[in-house]
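# Descriptive structure summary
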Amino acid sequence: MLIHLYSFRLQLTSCQPHIMSHHTSLNPCFPLKLKDVEPIIKIIEVDGQDLVKDYSDEIERMLGSKMKSVKRLAESAEDSDLYHEFNATLEFDYYNSMMINTADEDGNYVDLGGEFPLEENEHFNKLPVNTQMSNIQVPTNVYNKDPNILNAIYNTEALNDVFISNFQKDPTLTWQYFGSSTGFFRIYPGIKWTPDSNGVVAFDCRNRNWYIQAATSPKDIIIMVDISGSMKGLKMTIAKHTINTILDTLGENDFVNVIAYTDYVRYVEPCFRGTLVQADLDNREHFKVLVEELHVKGEAKIKNAMKESFKILNEVSGSMCNQAIMLITDGAMEDFESVFEEFNWPERRVRVFTYLIGREMTFAQNTKWIACNNKGYYTHISTLADVQENVMEYLHVLSRPMVINHDHDIIWTEAYMDSVLFTTKAQSLLLMTSVAMPVFSKKKETLSHGILLGVVGSDIPLMEVMKLAPRYMLGAHGYAFLINNNGYILAHPDLRPLYKDGKKLKPKPNYNSVDLSEVEWEDTDELLRTAMVKGETGTLSLNIRASVDKGKRPLYLTNEYFYTNIDDTPFSFGMALTKGHGKLMFMGNVSVEEGEVSHNYPQHRLEIVTYCETDIDPAHRKYSQLQAAIRYLLGKEPDLECDEVLLSQTLFDAVVTAPLEAYWNTLMLNDRVEPGVETAFLGTRSGLMRPRSEFQSKMLSEDDCSLCRKFLTPADKDNLFTIDHFPLWYRLAVENSPGKFYYYPVNDKGLTEHTFLQSQFILSFLFFRVSLFDYQAMCKTGHHHASSARPLLSGLAISGVATLCNVCVCVCVCVCVVSSAHKQKKVDALQPCDTAYPGFMYDPSVREANSLIKCGRCQKMFVVQQIPDSNLVLVVTQAYCDCSLFLNICEHNATVKCNRMKSQKVRRRPESCHAYHPKENAKDCGGAAAISLSLSLFSASLLVSLVTEY
């Protein structure tokens, strides 16, 4: 068990871990002996099963509190509607979040504006907010004084009191909101909404996953689009926009396929022929790209396409709930009644929604008949501006059975980054999940219509959830993670949702559909994933090849996994403890006064680790972490929520490491600091750090000193303890053998292009190859063949090596070699890909070796020798003869994207499904009544079409 790390920093860092147990002692350079503190310590064994239960219970309580808040909002909204009579002439002023605090040229507040006090609040991303009132956001394409809008806004004024009450009961709540079916969005606390550069507010709450998932049950959707010659021009543009809008209404619990038809049936993605694929973000974006490539030609034959769609829905198991066909066309000319008789009547299990594209109304009756006789809905879309509102109609239809039955299902969304909600002023790249609940009309006179009033919800940052499973309790390599019912990751230390596009960080296209099996890839039989998706409780042990330092350093570890479900949610919680690390903990009894005196290192070190929650009570926000911890321990602030175990460990570490300050002072006063040492530091499992950076050396260059000043500063997060990770030097030193120094580079810029270590011939003497995999890589798309794609993690990774090369001093550790000799001038787009790449582990059994390297007509000799008691290797070679190679040893694994995208892994379907209710009013289908398609009507329509055509 690792207790303390004592480190010196030269041009690279030397770390020597101190392994401490009941029978070993501290390193001689450390001024304390075990016998000095033995009376006040005890060793505690960490029980993984108990720990996973405790953590999951805490998470369950936290999420349960959010669900109670949402239920109170839904009840209030429904009660308000029950006693409200619609008033077509209602005049009502409300606070429009776009207009508040805005004055006209005369200094008067604009209409729907008015004075709306805002105050910056750290709890809400440091945004100016009003915690005493909510306000309203209305999309640009919705009239903000429409009678339906005014009545619904007036009707939900009662939510203000519930918002405030919820926040008082649970101060950890973040945003609370109500999304109306009419399009407006009521948000608490109230904010100032900033439009885009064109003055447009495109945000529509009805497009958000939390709204769509709460409003409907899971669904299987086949989108049929007419690409015949008559659909050319604007019609095709509208059709493509309609498809994309439908795709945006789907989530990972839904399944989908897209079929284009003319005189033959064409799958937009041939790989998905005859099947349904999960409508996760990756697949939806893939469909959108392919839809843009559609071109019109030929004559429309709807019959065969309709048969194909019904066959898929009848034969393929998707969501096993709602099923629907979305027909997008400019006219339906065929006699398709026989198709419905064969596949859908009389049960009408599959709903058919029809979208008539263009201004021509010749086939309106036929298109409407299809929808009305298959429990669907007909809409006419003549312009791009009509698409959004018309597509949303199908959600209202699918929600009818749930609304009529008054089934208030609470839903939890997948992980997402909401960088849209508050535009540039509050774009957040933090992962969140939302809890939401539908709001129905309780009025008896509208019961059969199943009127959905909207959806209430609240956001929960996943970082706050994972704080309930603190990393320090799990050891240097231990971690906790959270997945949902589809096996997708919500939180995991190896999840990398962002990639660098130029100088900007952007979410990856598939950032929220990364499967657990893609990070825990050693679980080849997916035993861990399957058990967690099924909501089981248990343990599993695996030998794994882990990688640290952004995938560049391989480690062999044995992980013991503990997992369980989170009740009343679709989530499962897991935890990994690494064999040999984290199973034992030192606990010591020291006084608060002793710890306070000993805990005298720079303040910013304390703010990185959370000892007490100072954000819950506004009165506590003035305290630093150190102040809050001391006041809590002295009993002055008993209401503070503090981690008592972490505080106890930190106090103990502060006391037993305090003599080190005197030891360092003695070294400095007696001028006994070795040349080249600039910084000394110590770190403990509790997150306590004692850095000493006054060891300035005249031997360091200006560039080195600049690097030194950055090391272990608040900006240097990789090398500091934080709430969710141990620093890299700490984790690597854990694996070092006791009694040996570990050297670690601070800059890690790697070898120069001319360093001969790039030769695989040398590598064969010193290292053995370890195959690693990255299923979250981003590859170049400059060429169309897989071999040309270049992974994000390219180059060579070497663990535990330092060299002295070309007879010049060149100390290098953990290298990433340049992957190509030719730099591409054109910046290629990046897309998700799977990669296999090598890591290299140093072989300590090689003490010394020498040989010749042939470089064309030239050859040179090299010698390698291990430096005792360290992870360094001395390499000496002749300076002449350029043997530089430009390796590309990272391989893009030519993944058959098709198989990955359509693969059906084990998943846990949502418990509820609302696809049918006998009281549903199916006649409400976009027209006044259902339509009978008579032979004379069909013939007349066909005749008109022929006359128009010729």
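Residues numbered from 1 in each chain as written. Predicted model: local features only at pLDDT ≥ 70, side-chain atom pairs only at ≥ 80, totals over all residues. Heavy atoms only, no water.

The chain is annotated in an unreviewed UniProt entry as Calcium voltage-gated channel auxiliary subunit alpha2delta 4 from Oreochromis niloticus.

### With respect to the sheet that holds strand β35 (residues 848-855)
Strand order in this open sheet of three strands is β35-β36-β37, and the pairing throughout is antiparallel. What marks the edges here is a single partner per strand, and that holds for β35 and β37 (873-877). Going across the sheet, the axis of each strand differs from the next one's by a mean of 20 degrees, ignoring polarity. The pairing of β35 with strand β36 (residues 858-866) spans eight bridges and is classified as antiparallel. Looking at β36, one finds that Ser851 is bridged to Phe862. (Pairing = 2+ DSSP bridges. Helix = DSSP H or I, 4+ residues; strand = E, 2+ residues; numbered from the N terminus. Axes fitted to C-alpha atoms, helices over the stretch in contact; angles between N-to-C directions.)

### With respect to the confidence of the model for the chain
Of the residues in the chain, 79% reach a pLDDT of 70 or more, and the chain-wide mean stands at 80. The least confident element of the chain, judged by mean pLDDT, is strand β33 (residues 797-799) at 34; the most confident is strand β9 (residues 219-226) at 98. Confidence drops under pLDDT 50 across residues 601-607; counting only partners more than four residues distant or on other chains, this segment forms 19 contacts. (pLDDT = per-residue confidence, 0-100. Contact = heavy atoms within 4.5 Å.)

### Remarks on the nonpolar core
Leu482, Tyr561, Phe573 and Met575 are the most contacted members of the largest nonpolar core, which has 136 residues in total. It is helix α2 (residues 48-82) that contributes the most residues to this core, 11 residues altogether. Counting residues in hydrophobic clusters, the runner-up holds 41 residues, among them Ala260, Val291, Ile381 and Met901. (Core = buried A, V, L, I, M, F, W, Y, C linked by side-chain atoms within 4.5 Å. Buried < 20%, exposed > 50% of the residue type's maximum accessible area, 1.4 Å probe, protein only.)

### Side note on the state of the cysteines
Enumeration according to the criterion identifies four disulfides in this entry. Each sulfur of the disulfide joining Cys321 and Cys913 lies 1.9 Å from the other. When the S-S torsion is 105 degrees, as for the bridge of Cys321 with Cys913, the disulfide is right-handed. On the criterion of sequence distance, the pair formed by Cys321 in the loop between α8 (302-315) and β13 (322-329) and Cys913 in the loop between α22 (897-902) and α23 (935-949) is long-range, its members being 592 residues apart. Since its relative accessible area comes to 39%, Cys913 is described here as partly exposed. Across a sulfur-sulfur distance of 1.9 Å, Cys372 and Cys925 are joined as a disulfide pair. (Disulfide = S-S within 2.5 Å.)

### Let's talk about the packing of aromatic side chains
Two aromatic rings are characterised by how far apart their centres lie and by the angle between their planes. Counted by the stated rule, this structure contains 32 aromatic pairs. On the basis of an interplanar angle of 70 degrees and a centroid distance of 4.8 Å, the ring pair of Phe681 and Trp729 is categorised as edge-to-face. With Phe681 in strand β29 (residues 679-684) and Trp729 in helix α20 (residues 728-734), the pair connects residues that are 48 residues apart, well separated along the chain. Take Phe681 and Trp729: they sit in the same class, and that class is buried. Their ring planes at 65 degrees and their centres at 6.1 Å tell us that Trp729 and Tyr730 sit as a pair that is edge-to-face. (Phe/Tyr/Trp six-rings, centres within 6.5 Å; stacked < 30°, edge-to-face > 60°.)

### Some thoughts on a negative patch on the surface
A surface patch of like charges, here negative, comprises Glu45, Asp47, Asp50 and Asp54. Along the chain, the position of Glu45 falls in strand β3 (residues 41-45). On the basis of relative accessibility, which here comes to 59%, the residue Glu45 falls in the exposed class. (Patch = residues over 30% accessible without salt bridge, like charges linked within 9 Å, V, L, I, M, F, W, Y side chains within 5 Å. Areas by Shrake-Rupley, 256 points an atom, 1.4 Å probe, with all protein chains shown as cover. Salt bridge = Lys/Arg side-chain N within 4 Å of Asp/Glu carboxyl O. Lys, Arg positive; Asp, Glu negative; His and termini not counted. Charge placed at Lys NZ, Arg CZ, Asp CG, Glu CD.)

### Comments concerning unusual backbone geometry
Looking along the chain, the bond that leaves Tyr188 and enters Pro189 is cis, with omega of -5 degrees. Position of Pro189 relative to the elements: it lies in the loop between β8 (185-188) and α5 (209-215). In this structure, the amide linkage connecting Trp345 to the following residue, Pro346, adopts the cis form with an omega of 0 degrees. Tracing the backbone through its elements, the reader meets Pro346 in the loop between α9 (337-343) and β14 (351-357). For Lys126, which is not glycine, the phi torsion reads 60 degrees and is therefore positive.

### Considering helix α18 (residues 659-669)
Within the span of α18, buried status applies to Leu660, Glu661, Trp664 and Leu667. The buried side chains of α18 occupy one side of the element, clustering within an arc of 120 degrees when seen end-on. Two residues or fewer after α18 comes Asp671, characterised by a positive phi angle close to 55 degrees. (Arc of directions from axis to C-beta.)

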